[in-house]
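Remarks on the overall topology
One letter stands for each residue in the lines below.
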Amino acid sequence: MIDHDTYGVLERLLRLRERREPLVTQIAGWVGAGIIEGRLRPGEDLNSVDLSRRFNTSRTPVREALMLLEQEGLVEMKARRRPRVAAPSLRDIRDIYQVRGHLLAMLAALFVERATDEDLASLRAEIARMRKLADAGDVDAYFWSHVHLQERMTEIVGNATLKQILDSLALRTLMLRHLSLTRPGRLAYSVDDQERLIQAYEERDAALASALISSATARAYRAIEEQLALEAAGAAKPSRRRRATA
């Protein structure tokens, strides 16, 4: 089963509280967390029979859960084919990150304007905890702490339209954000970015905060690009070996 805080994020983004079928929400939460945290890889088949057995249910709740995830861009379902984890193209990822960078720059500027000293103190304490997680190499715990940090920022800013737009991209970006943190050295870079950001917030420097968060988002995109290229190269090697021995 998934962590309570993790489920809370997925419950809100997938609007699971609106669902009346507990099994559908449970399955959607488990599969969604698996996709985001990389246990279920892009392009991987999602076997409805296996999922039915795992959750001791019929295939109907499984299909409904997968359809829910399809609506959010996490799963692909095509006629006469097994459902599979969505595999966004590099162009799609680049487009998403360009938009996300601009939105986060706006969020940072508004946060500088609206955050209280108490808000800043709370944020600094959370970043100190994230430093410990990064030093311990705990990618999953660090990732979800970062997700909660940005959600807290949007709450403090209180711009409903900005929050709605960020939420509309959230599920498509969570998987990518987690992937970026799996690159060697990325945890350290990420928490360094957060420490520079909190200093800019405390100094009430909106221009610097916006620039810092934009550059951090660009670095995350480059890490994703590098990781996907590495995985593509690794996937190509077995096929080359098979041709060589045929």
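Our structure is the block above this text.
Everything in this summary refers to the structure shown in the same document.

Cut-offs and rules
- Each chain has its residues counted from 1, following the order in which its sequence is written.
- Per-residue local features of the predicted model are confined to residues with pLDDT of at least 70, and side-chain atom pairs are confined, for both listing and counting, to 80 or more; whole-chain, interface and lining totals are unaffected and use all residues.
- Side-chain figures throughout are based on the complete set of non-hydrogen atoms in the structure, without hydrogens or water.
- Nonpolar cores were defined as sets of buried Ala, Val, Leu, Ile, Met, Phe, Trp, Tyr and Cys residues, with membership established by side-chain atoms within 4.5 Å.
- Under the scheme applied here, a residue whose accessible area is under 20% of the maximum for its type counts as buried, over 50% as exposed, and between as partly exposed, the area being computed with a 1.4 Å probe on protein chains only.
- Here a helix means four or more residues in a row that DSSP labels H or I, a strand means two or more in a row labelled E, and each is numbered from the N terminus.
- In this description, contact between two residues means that some pair of their heavy atoms is separated by no more than 4.5 Å.
- Between the first and last residue of a helix there are one fewer steps than residues, each counted as 1.5 Å, and that sum is the expected span.
- As used in this structure description, the phrase polar contact means that two N or O atoms lie within 3.5 Å; if the pair is within protein, one of them must be able to donate a hydrogen and the other to accept it, and residues adjacent in sequence are counted only when both atoms belong to side chains.
- Axes here refer to lines fitted to C-alpha atoms; in helices the fit is confined to the stretch in contact. Angles between the N-to-C directions go from 0 to 180 degrees.
- Roughly parallel means an angle under 35 degrees; roughly antiparallel, over 145; roughly perpendicular, 65 to 115; everything else is oblique.
- The handedness criterion is simple: a crossing whose near helix is rotated anticlockwise from the far helix by less than a right angle is left-handed, and one whose near helix is rotated clockwise is right-handed.
- We call Asp, Glu, Lys and Arg charged. Ala, Val, Leu, Ile, Met, Phe, Trp, Tyr, Cys and Pro are nonpolar, and the rest, Gly among them, are polar.

What follows deals with the nonpolar core. One broad trend across soluble globular proteins is that nonpolar side chains are buried collectively. Judged by nonpolar contacts, the single largest core of 74 residues is most densely connected at Val-31, Phe-111 and Tyr-201. Among the elements that line this core, the one with the most residues is helix α5 (residues 90–114), at 11 residues. For Tyr-201, the contacting residues outside a window of four places in its chain are Ala-108, Phe-111, Val-112, Leu-120, Leu-123, Met-153, Ala-209 and Ile-213.

Our next topic: helix α9 (residues 186–202). A turn of α-helix holds 3.6 residues, and therefore any two residues three or four places apart point the same way. Taking 1.5 Å of rise per residue, the 17 residues of α9 would be expected to cover 24 Å, and the 24 Å separating its terminal C-alpha atoms lies within 8% of that figure. Looking only at α9, the buried set comprises Arg-186, Leu-187, Ser-190, Val-191, Asp-193, Gln-194, Leu-197, Ile-198, Ala-200 and Tyr-201. Remark: Arg-204 follows α9 within two positions and exhibits a positive phi of approximately 55 degrees.

A separate point is the side chain of Asp-193. If you trace the backbone, Asp-193 turns up in helix α9. At 2.7 Å, the side chain of Asp-193 and the side chain of Arg-196 are in polar contact. Setting aside residues no more than four positions away along its own chain, Asp-193 makes contact with Ala-216 and Arg-219.

One can describe the packing of α5 onto helix α7 (residues 139–157) by two numbers: an axis separation of 9 Å at closest approach and a directional angle of 55 degrees. By the angle between their directions, the pair α5 and α7 is classed as oblique. For the pair α5 and α7, the crossing hand works out as left-handed. Across the interface between the two elements, Arg-100, Leu-104, Leu-107, Leu-110, Phe-111 and Arg-114 of α5 pack against Gln-150, Met-153, Thr-154, Ile-156 and Val-157 of α7.

Our next topic: unusual backbone geometry. Not every positive phi belongs to a glycine, and Arg-80 is a case in point at roughly 60 degrees. Relative to the assigned elements, Arg-80 resides in the loop between β1 (75–76) and β2 (84–85). Under the relative-accessibility criterion, Arg-80 is labelled exposed at 85%. Residues other than glycine seldom take positive phi values, yet Arg-204 does so here, at roughly 55 degrees. Locating Arg-204 in the fold gives a position in the loop between α9 and α10 (206–245). Owing to a relative accessible area of 34%, Arg-204 belongs among the partly exposed residues under this scheme.

What follows deals with the packing of α7 against α9. A packed helix pair is summarised by two numbers, namely the angle formed by the two axes and the spacing between the axes. α9 packs onto α7 with a crossing angle of 25 degrees between their chain directions and a minimal axis gap of 12 Å. Between α7 and α9, the angle is such that the two are roughly parallel. Between α7 and α9 the crossing geometry is left-handed. Judged by residue contacts, Val-139, Tyr-142, His-146, Leu-149 and Met-153 of α7 engage Leu-187, Ser-190, Val-191, Gln-194 and Tyr-201 from α9. Its residues placed into classes, the contact of α7 with α9 shows seven nonpolar, three polar and no charged.

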